[in-house]
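Architecture at a glance
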Amino acid sequence: MKLLVIPDLHENLGFLKYILAVEDTAEFDKVICLGDYFDPHGEVNPDADNLKQMAGTLVGMKEILGDKLHLICGNHDLPYYALRPACLRKRGRPNQIIGSWLPQTTLERAEIINAIWDAEFWRGLEVAVLLDGWLFSHAGVHPDWWPSELPDRGARYRWLRQQWKKAMRNIYKESENPIFAAGRARGGLLPYGGPIWLDWNQEFEDALELPQIVGHTRCPSPHEKGKSFCIDFAQAAYAVVEHGEVQLRIWPESWLGASLLDSV
């Protein structure tokens, strides 16, 4: 398979538009977005129009690409779903614990996103995708979320997805499911984070029987652990996976520029 992997976007529409301009999605078997679509880094009052455009662009991509596109959920995305009942003024309590994770998560921003993303779209966000022998997730899957007692990786993958779907169904009934939780490295109480919070530097282990490709933890240059890769370079590069190899491709206008190019 030939796979296009787009790491954390954080509302950087220029980065996304560049990728879609230079890569013909028709040439790829799958397109995987690794989550964190919202909350630009370092902006105190993020632009609402940019937020609206990002949410709408992802809906448009899904309409065009269909099952070819996999949208993974990130820790900067889930809080807006947690606040959905408050946005829609519906019965049921919003999950205030998850909704208060991050300082940029406001009800006003949640209302913008939830006016564009319906419940079906939210439920389509995935925890992980297993493709061509690679496991893709936002932050990485710890071995404890990959039960060795199950007979094979297919069964382990299905178990993980089932846990995610159950947690999403109960997000307004539980304060915080462990699959959503942060580990100590990211200010949480657990020894390690779930698949949307796992810290690459301090918590990620290349201990599964298959390689992983993740985002979430920003790295100044390409970063490998064993057979696994972190490709979040602050909207400076994305990846193409083909014939078992990971190829990094650089956005020329990225602020990392030559330093990242020199390290590839």
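Conventions we followed
Residues numbered from 1 in each chain as written. Predicted model: local features only at pLDDT ≥ 70, side-chain atom pairs only at ≥ 80, totals over all residues. Heavy atoms only, no water. Helix = DSSP H or I, 4+ residues; strand = E, 2+ residues; numbered from the N terminus. Buried < 20%, exposed > 50% of the residue type's maximum accessible area, 1.4 Å probe, protein only. Contact = heavy atoms within 4.5 Å. Pairing = 2+ DSSP bridges. Axes fitted to C-alpha atoms, helices over the stretch in contact; angles between N-to-C directions. Phe/Tyr/Trp six-rings, centres within 6.5 Å; stacked < 30°, edge-to-face > 60°. Patch = residues over 30% accessible without salt bridge, like charges linked within 9 Å, V, L, I, M, F, W, Y side chains within 5 Å. Areas by Shrake-Rupley, 256 points an atom, 1.4 Å probe, with all protein chains shown as cover. Salt bridge = Lys/Arg side-chain N within 4 Å of Asp/Glu carboxyl O. Lys, Arg positive; Asp, Glu negative; His and termini not counted. Charge placed at Lys NZ, Arg CZ, Asp CG, Glu CD.

Bringing the side chain of Glu 23 into the picture now. As for its position among the elements, Glu 23 is in the loop between helix H1 (13–22) and strand S2 (30–33). Of the residues examined, Glu 23 reaches a relative accessible area of 9% and is grouped as buried. If sequence neighbours within four positions are ignored, Glu 23 has contacts with Leu 4, Phe 28, Tyr 238, Val 240 and Arg 249.

This part is about the sheet that holds strand S9 (residues 237–242). Across the sheet, 5 strands lie side by side as S3-S2-S1-S9-S10; this open sheet has mixed pairing. Of all the strands in the sheet, just strand S3 (69–71) and strand S10 (245–250) have a single pairing partner and so form its edges. Across this sheet, the average inter-strand angle for adjacent strands is 20°, counted without regard to direction. Across the sheet, H1 touches strand S1 (2–6), S9 and S10, and the angle it forms with S9 is around 35°. Along the sheet face, helix H2 (residues 48–65) touches S2 and S3 and points at about 145° away from the line of S3.

Before going further, it helps to examine the packing of aromatic side chains. Enumeration according to the criterion identifies 15 aromatic pairs in this entry. On the basis of an interplanar angle of 75° and a centroid distance of 6.4 Å, the ring pair of Tyr 37 and Phe 38 is categorised as edge-to-face. Looking at Phe 38, the relative accessible area reads 0%, which means it is buried. For the pair Trp 134 and Phe 229, a centre-to-centre distance of 6.1 Å together with 50° between the ring planes defines the contact as tilted. A residue pair is termed long-range when its members are at least 10 positions apart, and Trp 134 in strand S5 (residues 134–137) and Phe 229 in strand S8 (residues 228–230) qualify at 95 residues. Residue classification places Trp 134 among the buried residues on the basis of a relative accessible area of 7%.

Another point: a positive patch on the surface. Taken together, Lys 165, Lys 166, Arg 169 and Lys 173 make up a surface patch of like positive charges. Within the element layout of this structure, Lys 166 appears in helix H8 (residues 153–169). Relative accessible area serves as the criterion here: at 44%, Lys 166 is assigned to the partly exposed category.

On to the pattern of salt bridges, then. In the structure shown here, the tally under the stated rule is 9 salt bridges. The partner of Glu 23 in a salt bridge is Arg 249, and the shortest N-O contact between them spans 2.8 Å. Residue Glu 23 is located in the loop between H1 and S2, and its partner Arg 249 is located in strand S10; the two are separated by 226 residues in the primary sequence. Looking at Arg 249, the relative accessible area reads 26%, which means it is partly exposed. Across the salt bridge formed by Arg 186 and Asp 199, the nearest N and O atoms sit 2.8 Å from each other. With Arg 186 in the loop between H8 and strand S6 (212–214) and Asp 199 in the loop between H8 and S6, the pair connects residues that are 13 residues apart, well separated along the chain. Overall, the relative accessible area of 28% leaves Arg 186 in the partly exposed class.

Nothing here speaks to function; it is geometry throughout.
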